[in-house]
Amino acid sequence: MNRKINQVAVLGSGVMGSKIAAHFAGIGVPVLLLDMLNPETGEQTAPAIRNKIVNDAWTAALKSSPSPVYHKGVARLVQTGNFTDHMKDISKADWIIEVVVERLDIKQSIFEQVEKYRKPGTIISSNTSGIPIHMMAEGRSEDFKKHFCGTHFFNPPRYLRLLEIIPTPHTDPSVVDFLMQYGDLQLGKTTVLCKDTPAFIANRIGVFSMMSIMHLMEEIGLTFDEIDALTGPLIGRPKSATFRTADVVGLDTLVKVADGVAAHCPQDEAKEIFRIPSWLKTMIENKWLGDKSGQGFFKKTKNAEGKTEILVLDPASLSYGPRSKPKFATVEAAKPIENLAHRIKALLNGQDKAATFYKKFHYGLFSYIAHRIPEISDEVFRVDDAMKAGFGWEIGAFESWDALGVASTVKAMQAEGYTLPGWINTMLEKGNTSFYTVENGRQLYYDIQTQSYVAVPGGDAFIVMRNFKDQTVWKNSACRTYHLGADVLGLEWYTKMGSMGGEVLEGILKSISLAEEKYKGLVIANEGPNFSAGANVGMIFMLAIEQDYDEIDMAIRMFQQAMMRVRYSSVPVVVAPHGLALGGGCEICLHADMVVPAAETYTGLVEVGIGVIPGGGGTKEFVLRASDELHQGEPDTLTLQNRFLTIATAKVATSAHEAYDLGIYRKGVDEISINQQRRISMAKDQVVRLYDNGYITPVQRTDIKVPGRAALGAFLSGIHAMWRGKYATDHDVTVAKKLAWVMCGGDLSEPTQVSEQYLLNLEREAFLSLTGEKKTLERIQSVLKTGKPVRN
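> Even after reading the chapter, I still don't get the overall build of the protein, so can you show me in this structure?
Along its length, the protein carries 32 helices and 24 strands. Its C-alpha radius of gyration of 28 Å places the protein within 12% of the 28 Å reference for a compact globule of 792 residues. Principal-axis analysis of the C-alpha atoms places the extent of the protein at approximately 80 × 70 × 65 Å. Burial status across the protein gives 55% buried among its 792 residues. Across the protein, contacts joining residues at least 24 apart in sequence account for 69% of those joining residues at least 6 apart. Only carbon and sulfur atoms are counted for the fraction: they give 52% of the accessible area of the protein, which is about 33,500 Å².

> When you look at the pairing of strand β18 (residues 521–524) in this model, what are you seeing that I'm missing?
Consecutive side chains along a regular strand alternate between the two faces of the sheet. Here β18 shows no split at all, with Gly521 and Val523 on one side and Leu522 and Ile524 on the other all buried. Note that strand β17 (residues 488–493) and β18 share four bridges and pair parallel. By the bridge assignment for β18, Gly490 is matched with Val523. For the crossover that starts at β17, traverses helix α21 (residues 502–518) and ends in the parallel β18, the hand is right-handed.

> Just to check I follow, could you spell out the sheet that holds strand β11 (residues 319–322) for this structure?
Strand pairing in a sheet relies on backbone hydrogen bonds, with the paired strands running either antiparallel or parallel. Taken in spatial order, the three strands of this open sheet run β9-β10-β11, and their pairing is antiparallel. The two strands at the open ends of the sheet, each matched to only one other strand, are β9 (298–302) and β11. Here the strands of the sheet are splayed against their neighbours by 45 degrees on average, with no regard to which way each runs. Of the strand pairs in this sheet, β9 and strand β10 (residues 308–314) are connected by five bridges, and their pairing is antiparallel. When the bridges of β10 are listed, Phe298 appears paired with Val312.

> Would you take a moment to explain the side chain of Thr41 for this structure?
Inspection of the secondary structure puts Thr41 in the loop between β2 (31–35) and α2 (47–50). Among the polar contacts made by the side chain of Thr41, one reaches the main-chain carbonyl oxygen of Asn38 at a distance of 2.6 Å.

> Looking at this structure, I do not really get helix α24 (residues 584–591). What am I missing?
In an α-helix, one full turn covers 3.6 residues, which means residues spaced three or four apart are oriented alike. Among the eight residues that make up α24, eight are buried, leaving the element largely enclosed by the rest of the structure. Gly584, Gly585, Cys586, Glu587, Ile588, Cys589, Leu590 and His591 are the residues of α24 that are buried.

> In this structure, what is going on with the environment of Gln181? I would like to understand it.
Summarising the element assignment, Gln181 is placed in helix α8 (residues 173–185). Separated by 277 residues in the primary sequence, Gln181 and Gly458 place their C-alpha atoms 9.8 Å from one another.

> I'm lost on the packing of aromatic side chains in this one. Help?
For any pair of aromatic rings, geometry is given as the distance between the ring centres together with the angle between the planes. With the rule as written, the count across this model stands at 31 aromatic pairs. Plain terms: the ring middles of Phe208 and Tyr368 are 3.9 Å apart, the flat faces sit at 0 degrees to each other, and that makes the pair stacked. In this pair, Phe208 sits in helix α9 (residues 202–220) while Tyr368 sits in helix α16 (residues 353–371), placing the two residues 160 residues apart along the sequence. Like Phe208, the residue Tyr368 is buried in the burial classification. The cationic tip of Arg140 hangs over the ring face of Phe144; the distance from NZ or CZ to the ring centre is 6.0 Å. The ring centre of Tyr568 lies 6.0 Å from the NZ or CZ of Arg567, which sits over that ring.

> Looking at this structure, I do not really get the nonpolar core. What am I missing?
Soluble globular proteins tend to pack their nonpolar side chains together in the buried interior. Residues Phe297, Phe357, Phe398, Trp401 and Trp423 are the most contacted members of the largest nonpolar core, which totals 111 residues. With 11 residues, the top contributor of residues to this core is α9. Beyond its immediate chain neighbours, meaning those up to four positions away, Phe398 contacts Ile369, Ala370, Ile373, Val380, Val383, Asp384, Trp423, Phe435 and Tyr436. Leu505, Val754, Leu759 and Ile780 belong to the second-largest nonpolar core, a separate cluster that totals 87 residues.

> In this structure, what is going on with the environment of Gln676? I would like to understand it.
With respect to the helices and strands, the residue Gln676 is situated in the loop between α27 (656–661) and α28 (679–692). Distance in space between the C-alpha atoms of Gln676 and Arg161 is 9.2 Å, their sequence separation being 515 residues. In this structure Gln676 touches Arg161, His578 and Ala598, once residues within four positions along its chain are discounted.

> Looking at this model, I keep getting lost on helix α3 (residues 52–63). Mind explaining?
Look at α3: 16 Å from first C-alpha to last across 12 residues, which is about the 16 Å you get at 1.5 Å a residue. Tucked into the core, α3 has its buried residues touching α1 (15–26), β2 and β3 (78–82).

Reading the values: the criteria
- Residues numbered from 1 in each chain as written.
- Predicted model: local features only at pLDDT ≥ 70, side-chain atom pairs only at ≥ 80, totals over all residues.
- Heavy atoms only, no water.
- Helix = DSSP H or I, 4+ residues; strand = E, 2+ residues; numbered from the N terminus.
- Rg over C-alpha atoms; globule rule 2.2 N^0.38 Å.
- Buried < 20%, exposed > 50% of the residue type's maximum accessible area, 1.4 Å probe, protein only.
- Contact = heavy atoms within 4.5 Å.
- Areas by Shrake-Rupley, 256 points an atom, 1.4 Å probe, with all protein chains shown as cover.
- Pairing = 2+ DSSP bridges.
- Right-handed = clockwise from strand over helix to strand, strands pointing away.
- Axes fitted to C-alpha atoms, helices over the stretch in contact; angles between N-to-C directions.
- Polar contact = N/O pair within 3.5 Å; in protein donor to acceptor, adjacent residues only side chain to side chain.
- Phe/Tyr/Trp six-rings, centres within 6.5 Å; stacked < 30°, edge-to-face > 60°.
- Lys NZ or Arg CZ within 6 Å of the ring centre and 35° of its normal.
- Core = buried A, V, L, I, M, F, W, Y, C linked by side-chain atoms within 4.5 Å.
- Expected span 1.5 Å × (residues − 1).

Structure representation (structure tokens):
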């Protein structure tokens, strides 16, 4: 069946329902969002009154932060209604998703209505997080059962990439295949096939992990603050760590899942871990449920000076007190280790309480996930995929086990009394010493059924650059260039926050030169948390402090040279950013032949935040694009003014779609990858396409229209008005004047056509002069200290 999703019906407009609807609208699919008829309707017939419940929920979703949509304009794709008046309209939907309250009887009553109105062949799914999927389809028709399964989105759906697909014994395999592919390609999800077991995969392992940590906290004698310090980014987990995450999710939700596993998994060898500690029971009784109730493990309050203060709960006294900043020798020794796998290994090798916690936690986790194969999944990679995409783990549990060494860890676990299933010993006895391996750039996983390594499905579409280490063409201490196959090179760098210093620029220049020698082109991407937060600000600060302006000038020239090589290489260069692509990370995108950004890419020219202007060709490129956008005849400064304001106010696109509106990405040229994991493969394909279509090196521009002195006067007048209105500081004015000078082309008496190099020279001179400003140095110092730009 050539199945297409032209419309989706979402039944239930609560937090999850509204945000699932928003995500579908975000990818361009019309949505019918329904909920209960307003009970206060009476005899009223006005839709605004009858649909008040769904309309209020939808409005609240659109106002929520972070935004549930890539672009506000998609709200028009969502039509609201109520179950009483509009259930009949689901007949137009190709996929019906139930997202009502977690009660089996209510869900079954909804499905009874769905059965009346759906057209045969329509997919029906439930977003339940815990009710057995097969029970919801009982009593339904054969066609309903064939097209019914669980589709468990994680909150918020736009940002958490996991979509668990849970079929029943009656689900048609073609429906499962379709949803696995649709979730990946269209929704940008990591789709994980799950068995219909309690809590499925992610919540089963995730809640076990959190409950295990709670019991270890009591056993070892640690505090909430200490646990959150140990279980956050240090081991590749989100900043919210354990107890802050619990507050966000809701303690009642956590306890409900834990109780559900304990009740429905009597054979679970670790069911005692799901026992709720007495202090947590008291918190539930007191309605201290986390953010939703105003207090949980943490409580936000005002101190005597009226300043916001975060207090932490003491589980012994159940009273709140000041937070602490824990310190452990093991942690201090491991912090400088950049490689996450190596850092985890170092943390387990310590001798203090922190190391004891890490050993017990990891050994317990490894034992648990091993016993869950094949109960919740037949394949180990699905467990890791679920935890990384649903709980934000940078490294999966089986991947962590590999990092520590499977054989040595098994030996240590057995010595400590941890149990393991037979398949682990079988794997080791057959000489298979890891859960994963790499062959020719493809990741393979150990399959317990065949007792051999099997390729992870869809591996060709998901290029992981580090898997090509044996295809390294060139490297330095900050970057590495790989042969990705099909005569395409790939450059990645692995600096902190993806910062672009001298070695990264060297890598860009060298990789382009290598690609020009005997390859079709170059992909520039990386797989850190962010593509690049910009240039190496620390280096600029040190040179400015030492007043070594010749070195700063040389550094700017090198950056500009690298960007111009990206633009004017003799082979196509495609950049595939994700996460933060700020400052220099944005400038390299502006110069690429094509950009394939992940949908979740946050990009902009933010240099004014540290008191300078974009100096790596970003200002030049905005002037060039403004020139191309002008009508024939005398320059119209409005488009230039808009681009000036984008830089002067350090606007950042909060999605790749918004970057189109800011003129950073080009409609019809650059292509968004909804699934972040596919962007490098897509970029590689585009390099091959551009080359095979007869790529021609662009000619450097000498026809860029700049308005000159007349427009400069108007810009300066506007800047002065902002200062008089106290919307800009003295230093803001200094920076804005330099920016206006460059964007108007300097002191030209009339509109003139200039070259790219002319604008680059102006840009470099302005950047250099601003690094000598005292306020600029203060801003840079603040950024280095806090990681955030300041406004003076």
